Amino acid sequence: GDLLHSYGAVGAWTTETVDGTGDVGQHASVAMDGAGTLHIAYFDASNSDLKYAVGTTGNFTTTTVDSAGAPGLHASIALGGGAVHIAHYELIGSDAKYTTNQGGAWASEVVETDGTIGIRPSIAVTAGGTVHMIYHSASTSKKRHASKQGAGAWTLQAYPKSDGNSSESRALVWPGDDQLRGYSYQSQAIWQSHFSGSWQTAQVDRTVELPYAHPSYVAGPFLDASGKLHAVTWNGSRNLLATASKG
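As the structure is a prediction and not an experimental result, all values here were calculated from the model.

Draft legend 1. Quick peek at the pairing of strand 2 (residues 12–19). Note that strand 1 (residues 3–9) and strand 2 share 7 bridges and pair antiparallel. When the bridges of strand 2 are listed, leucine 3 appears paired with aspartate 19. Hairpin connection, strand 1 to strand 2: the antiparallel pair is bridged by 2 residues, and glycine 11 has positive phi, about 85°.

Right under this line is the structure:
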């Protein structure tokens with residue numbers, strides 16, 4: 001497979017190939033900077049590597065940024081402090097992993113290694129430069145939260161909304177904000193948690209009914225610029241893609 005980039009509007013989409021070398025493009029995550037440049041983290045299945053693409057329509061550069069331990073699964077990308085930050089899962093070590101070019105050159109480190117941990121991570125960076133990751137531990141069926149500032153050590157703790165049946169959790173930071181917000185979808189509701197040094201009690205922010213929802217196939221939840229909550233769900237047995245929003 002190839003890594004593809006699609007852009008446009010309803011009824012007028014254009015698709016281009018960003019990387020067509022080998023079997024690439026799985027587990028892709030994309031972010032756009034203030035200049036309109038796209039940054040994409042994705043998995044190279046042919047070589048079991050984490051790759052990174054950067055550029056604009058018709059002009060992308062691709063680089064292998066981590067090749068140790070079959071990394072790059074479930075990639076999540078964020079921009080902050082003039083650098084790229086990528087959370088991902090390492091297959092061989094079954095570990096949560098973090099890759100960045102914050103020091104100039106690309107560097108990777110294991111965030112947490114305790115059983116099978118680091119699945120479906122989500123990453124966000126605050127205005128003050130603190131990196132936050134939320135991810136799943138298959139060994140405990142719980143979510144975990146990791147955070148660090150600069151070159152400091154990772155602080156590891158439990159994530160408050162951590163039921164084993166919950167879907168992927170989304171780490172979000174409003175522009176210019178230092179507060180992390182975690183969103184997850186569970187029991188036909190979007191749950192919101194706040195972190196400012198410590199996690200506040202999780203509470204239901206709004207309920208969103210998702211038709212045909214299977215917990216493993218819920219994307220998001222995420223917020224748009226107006227504060228409206230959105231989620232997307234895929235039902236493989238019925239070949240249906242559904243969206244829901246509220247706010």
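Draft legend 2. Inspection of the pattern of salt bridges at higher detail. Going through the model one piece at a time under the given rule, you end up with 5 salt bridges. In this structure, aspartate 66 engages lysine 97 in a salt bridge whose closest nitrogen and oxygen atoms are separated by 3.0 Å. Remark: lysine 97 occurs in strand 9 (residues 95–100) and aspartate 66 occurs in strand 6 (residues 59–66); sequence separation between them is 31 residues. With its nearest N and O atoms 3.0 Å apart, the salt bridge here joins lysine 97 to glutamate 90. Of the two residues, lysine 97 and glutamate 90, neither departs from the other in class, the shared state being buried. In this structure, a network of salt bridges that share partners links the residues Asp66, Glu90 and Lys97.

Draft legend 3. Local environment of the side chain of lysine 51. By the secondary structure assignment, lysine 51 is in strand 5 (residues 49–56). Within the structure, lysine 51 has its side chain in polar contact with the side chain of aspartate 19 (distance 2.8 Å). Apart from the residues lying within four places of it in its own chain, the contact partners of lysine 51 are Asp19, Ile40, Ala41, Tyr42, Asp44, Thr62, Thr63, Thr64 and Val65.

Draft legend 4. Molecular detail of the nonpolar core. The biggest cluster of nonpolar side chains holds 13 residues, and the ones touching the most others in it are Tyr98, Val111, Ile123, Met133, Tyr135 and Trp154. Residues within four places of valine 111 in sequence aside, it is in contact with Ala96, Lys97, Tyr98, Met133, Tyr135, Ala146, Trp154 and Leu156. One finds Ala41, Tyr52, Val65 and Val84 within the second-largest nonpolar core, a separate group that totals 9 residues.

Draft legend 5. Layout of the sheet that holds strand 7 (residues 73–80). Spatial strand order, 7-8-9-10: 4 strands in an open sheet with antiparallel pairing. If you trace the sheet from one side to the other, it starts and ends with strand 7 and strand 10 (107–112), each paired once. Strand-to-strand twist across the sheet, computed as the mean angle between neighbouring axes with direction ignored, equals 25°. Bridging between strand 7 and strand 8 (residues 83–90) involves 6 bridges; their strand directions are antiparallel. Of the residues in strand 8, the one forming a bridge with serine 76 is alanine 87.

Draft legend 6. The arrangement of the packing of aromatic side chains in detail. Under the counting rule described, the total for this entry stands at 2 aromatic pairs. Arranged with centres 5.2 Å apart and planes meeting at 80°, the rings of tyrosine 98 and tryptophan 154 form a pair that is edge-to-face. Highlighted residues: tyrosine 98 in strand 9 and tryptophan 154 in the loop between strand 13 (142–149) and strand 14 (155–158), separated in sequence by 56 residues. An identical accessibility class is assigned to tyrosine 98 and tryptophan 154; each is buried.

Draft legend 7. Up close: the side chain of serine 29. Topologically, serine 29 is positioned in strand 3 (residues 24–32). Overall, the relative accessible area of 15% leaves serine 29 in the buried class. Separated by 3.0 Å, the side chain of serine 29 and the backbone nitrogen of isoleucine 77 make a polar contact. Look past the residues within four positions of serine 29 in its chain and what remains in contact with it is His39, Ile40, Ala41, Ala75, Ser76 and Ile77.

Draft legend 8. Unusual backbone geometry, seen in detail. Even without being glycine, histidine 27 reaches a positive phi, approximately 55°. With respect to the helices and strands, histidine 27 occurs in strand 3. Of note, the phi angle at serine 141 is positive, near 55°, even though the residue is not glycine. Within the secondary structure, serine 141 sits in the loop between strand 12 (130–137) and strand 13.

Each value, and the rule that gives it
- Sequence order sets the numbering: in each chain, residues are counted from 1 along the sequence as written.
- This being a predicted model, a pLDDT of at least 70 is required before a residue's local features are given, and a value of 80 or more before pairs of side-chain atoms are given or counted; all residues contribute to the totals for chains, interfaces and linings.
- Hydrogens and water molecules were not included; the side-chain quantities draw on all heavy atoms of the structure.
- In short, DSSP must find at least two bridges between two strands for them to pair.
- A run of DSSP states H or I qualifies as a helix once it reaches four residues; a run of E qualifies as a strand once it reaches two. Both are numbered from the N-terminal end.
- A pair is scored as a salt bridge if a Lys or Arg side-chain nitrogen falls within 4 Å of a carboxyl oxygen belonging to Asp or Glu.
- Exposure classes here rest on a 1.4 Å probe applied to the protein chains alone. A residue is buried below 20% of its type maximum, exposed above 50%, and partly exposed in between.
- Contacts described as polar in this section are N or O atom pairs within 3.5 Å, which, within protein, must combine one atom able to donate a hydrogen with one able to accept it, while residues neighboring in sequence count only if both atoms come from side chains.
- Residue contacts are defined here by distance: any two heavy atoms, one from each residue, within 4.5 Å place the two residues in contact.
- Nine residue types can take part in a nonpolar core, namely buried Ala, Val, Leu, Ile, Met, Phe, Trp, Tyr and Cys, and a core is a set of them joined through side-chain atoms within 4.5 Å.
- Note on definitions: angles span 0 to 180 degrees between N-to-C directions of axes, and those axes are lines fitted to C-alpha atoms, for helices only across the stretch in contact.
- Here a pair means two rings of Phe, Tyr or Trp (six-membered ring of Trp) with centres within 6.5 Å. Their orientation is stacked below 30 degrees between planes, edge-to-face above 60, and tilted elsewhere.

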